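# Secondary and tertiary structure notes
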2 protein chains.
Amino acid sequence: MAVLDIQFTSHDCGSCPIRHRAVCARCDDDELSRLEEIKYYRSFEPGQTVIWSGDQMDFLGSIVSGVATLSQTMEDGRTQMVGLLLPSDFVGRPGRGAAAYDVTAVTDLTMCCFRRKPFEQMMETTPHIAQRLLQMTLDELDAAREWMLILGRKTAREKIASLLAILGRRDASLGLGGPVGDEIAFDLPLTREAMADYLGLTLETVSRQVSALKKDGIIALEGKRRVRVPSYDALLAETGDDSDGGALI
Amino acid sequence: MAVLDIQFTSHDCGSCPIRHRAVCARCDDDELSRLEEIKYYRSFEPGQTVIWSGDQMDFLGSIVSGVATLSQTMEDGRTQMVGLLLPSDFVGRPGRGAAAYDVTAVTDLTMCCFRRKPFEQMMETTPHIAQRLLQMTLDELDAAREWMLILGRKTAREKIASLLAILGRRDASLGLGGPVGDEIAFDLPLTREAMADYLGLTLETVSRQVSALKKDGIIALEGKRRVRVPSYDALLAETGDDSDGGALI
DNA sequence: GGGGTGCCTTGACCCAGATCAACAGGTAAA
DNA sequence: TTTACCTGTTGATCTGGGTCAAGGCACCCC
């Protein structure tokens, strides 16, 4: 008997871009239809704000396509990105109605949303949803901690290299780039300013360090946004991490 | 009917310093005894390492008393603290045997440990454990993201003020200090070097900024480790945060 | 074409915090 | 009592990255 397996993962089987396999020996099979029942889609354009910190958030959901950011802003305007949301990432916090961060689309964005109340009720009755969300949240926590090392202890050059390594690895693992360890190429989904907000730098420093990595042959730029990395290992060597390439996101 | 409520919370009822109320309408009442069965205690001295990053971790557990840190170290010695573990905090990741971070006792430390395999099996059969852990993990994620703002965008003075505010609030909420908004006092559980590793600074900068806050009357030191904050609001004003005092940990 | 506007780059200069260094308790062992 | 060690403080100097400023390029609209 298959286990219940709710994956917040994008794929492309016909009309439903999210796979919700809800088949369980013990649980009721019509959990599946209940999930279908409470879900709807929303689309956003680049730069559009999905939700402002503090707003009431009547849904939870996952990214189907595109890239969004989670960020915090101090009243004097300093902002720090605290999450980078890519397809299959979960948005929102079960059990809390108010958004804690600004969520902003950085590309065209599609989200699959579930109405909060019924989703939370379903979590009560379908234990594997909580178990799945726990694993996803633990992954996010690992990514946040990796990020803390980047923010607290790395030089500007190492920060840029780390970000490129993370984005490159993410793309590669989605099968959009080549094999890791060799040449990879990917599109930067972020502006220089967004990269700066990610890394705790200014956009000028980002620009300078990207130029420096280019001059040193670590990366090549095709246009402003397309990055080619001749040797992923050489890029990893610039991150300051030990060689296991342990960067997480 | 009471709900199953497994809290990883320290209290002081006789021999068992952890409260595991396991009473549930649907679940079996003897889950309680199963938890008792697989648990044991470990004690550590200040400076002692609980576990090294990469080591096999055959237990999960929670802090009963004392303070521990979660940290990452780069091979050239730069280290960043990524978690501060206080009583009731959970240690370890269900589903992963290898430790991802160094865990170090900074004071006398007592942990309540559960053997990994039986605990994970119990998670499968007792759904509310996963739900409780999900909430705790989401709290940790919020704390990590607050911390990212501190690391990425705050000045040294704001960083120190933020750390003191967090420690002070934590102590106050545990009933060890006075009411928030007014004078509070607490012991610093961290050395200057640990504070530096927490905040992405050097210990010299920490020392200077602590002295500066003292000179400006924001804090008073009684010895090196006892901190008295005449006005918690004045301290919050130094953190750079908006006035809701939203610092999380 | 001309003039916005958004995004990026590069240069010149400055400063917050790192680095290097000396020293001051406190305490613990010899 | 002396020596050693650990933690913390303070001073002097240096520097990585911030700040301010001036363009460059691509694209869009009039």
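Quick caveat, the model's predicted, so the values are computed rather than measured.

### Comments concerning the relation of the copies chain B and chain A
Mapping chain B onto chain A calls for a screw motion: a turn of 180 degrees about the axis and a shift of 0.0 Å along it, with 0.1 Å RMSD after fitting. The two molecules are tied by a two-fold rotation axis, judged by turn and shift. In this assembly, 100% of the residues forming the interface of chain B have copies in chain A that are likewise at the interface, indicating an isologous arrangement.

### A closer look at the protein's contact with DNA strand D
Around DNA strand D, the surrounding shell holds 16 residues, and the nearest of these are T155 and T205 of chain A together with T191, S207 and S211 of chain B. Elements represented by at least two residues in the surface near DNA strand D include exactly helix 6 (203-215) of chain A together with helix 5 (192-199) and helix 6 (203-215) of chain B. Top contributing element to the surface near DNA strand D by residue count: helix 6 of chain B, with six residues. For the surface near DNA strand D, the per-class residue count stands at four nonpolar, six polar and six charged.

### As for the protein's contact with DNA strand C
Inspection of the region around DNA strand C gives 16 residues, with T191, S207 and S211 of chain A together with T155 and T205 of chain B positioned closest. Contributions of two or more residues to the surface near DNA strand C are made by helix 5 (192-199) and helix 6 of chain A together with helix 6 of chain B. Counting residues per element, the surface near DNA strand C draws most heavily on helix 6 of chain A, which supplies six residues. Looking at the surface near DNA strand C residue by residue, the classes come out as four nonpolar, six polar and six charged.

### A word on the nonpolar core
Soluble, globular proteins show a tendency: their nonpolar side chains are buried together. Membership of the largest hydrophobic core comes to 125 residues, with the highest contact counts inside it found for A68, M148 and L164 of chain A together with A68, M148 and L164 of chain B. Residue contacts for A68 of chain B: discarding those within four places in its chain leaves V50, I63, L85, V103, T104, A105, V106 and L109 of chain B.

### Here we look at the packing of helix 5 of chain A against helix 6 of chain A
How two helices pack is summed up by the angle between their axes together with the distance between the axes. Residues and elements named next belong to chain A. For the pair helix 5 and helix 6, interaxial distance at closest approach is 8 Å and the crossing angle is 100 degrees. As the angle between them shows, helix 5 and helix 6 are arranged roughly perpendicular. Each of R192, E193, M195 and A196 in helix 5 lies in contact with helix 6, whose residues at this interface are L203, V206 and S207.

### Observations concerning the sheet that holds strand 9 (residues 102-105) of chain A
Residue and element names in this part refer to chain A. Spatially, 4-9-6-7 is the arrangement adopted by the four strands of the open sheet, whose pairing is antiparallel. The open sheet has two edge strands with one neighbour each: strand 4 (49-51) and strand 7 (79-85). Direction aside, the axes of adjacent strands within the sheet are offset by 30 degrees on average. With four bridges joining them, strand 6 (residues 68-73) and strand 9 adopt antiparallel strand pairing. Along strand 9, the bridge assignment pairs L70 with V103.

### Details of helix 5 of chain A
Residue and element names in this part refer to chain A. Most of helix 5 sits inside the fold, with six of its eight residues counted as buried. Of all the positions in helix 5, only A194, M195, A196, D197, Y198 and L199 are classed as buried. Once helix 5 ends, the next one or two residues include G200, with phi positive near 70 degrees.

### Details of the pairing of strand 9 (residues 102-105) of chain B
Residue and element names in this part refer to chain B. What you see with strand 9 is no split at all: D102 and T104 on one side and V103 and A105 on the other are buried throughout. Where strand 4 (residues 49-51) meets strand 9, two bridges bridge the pair, whose relative direction is antiparallel. Residue T49 lies in a different strand from strand 9, and its bridge partner there is T104.

### Focus on the domain arrangement of chain A
All names here are of chain A. Once the domains are mapped, chain A shows domain 1 (5-147) and domain 2 (154-237). Domain 1 puts 10 residues into the contact, and the matching count from domain 2 is seven residues. Elements represented by at least two residues in the side of domain 1 that touches domain 2 include exactly strand 6 and strand 7. No other element matches the four residues that strand 7 contributes to the side of domain 1 that touches domain 2. Tallied by class, the residues present in the side of domain 1 that touches domain 2 amount to five nonpolar, five polar and no charged.

The rules behind these values
- Residues numbered from 1 in each chain as written.
- Chains lettered and ligands numbered in written order.
- Predicted model: local features only at pLDDT ≥ 70, side-chain atom pairs only at ≥ 80, totals over all residues.
- Least-squares fit on C-alpha atoms with pLDDT ≥ 70 in both.
- Contact = placed C-beta atoms within 7 Å.
- Near = placed C-beta within 6 Å.
- Helix = DSSP H or I, 4+ residues; strand = E, 2+ residues; numbered from the N terminus.
- Nonpolar A, V, L, I, M, F, W, Y, C, P; charged D, E, K, R; others polar.
- Core = buried A, V, L, I, M, F, W, Y, C linked by C-beta atoms within 7 Å.
- Buried ≥ 20, exposed ≤ 12 C-beta atoms within 10 Å, placed from the backbone.
- Axes fitted to C-alpha atoms, helices over the stretch in contact; angles between N-to-C directions.
- Parallel < 35°, antiparallel > 145°, perpendicular 65-115°, else oblique.
- Pairing = 2+ DSSP bridges.
- Domains from an automatic or database assignment.

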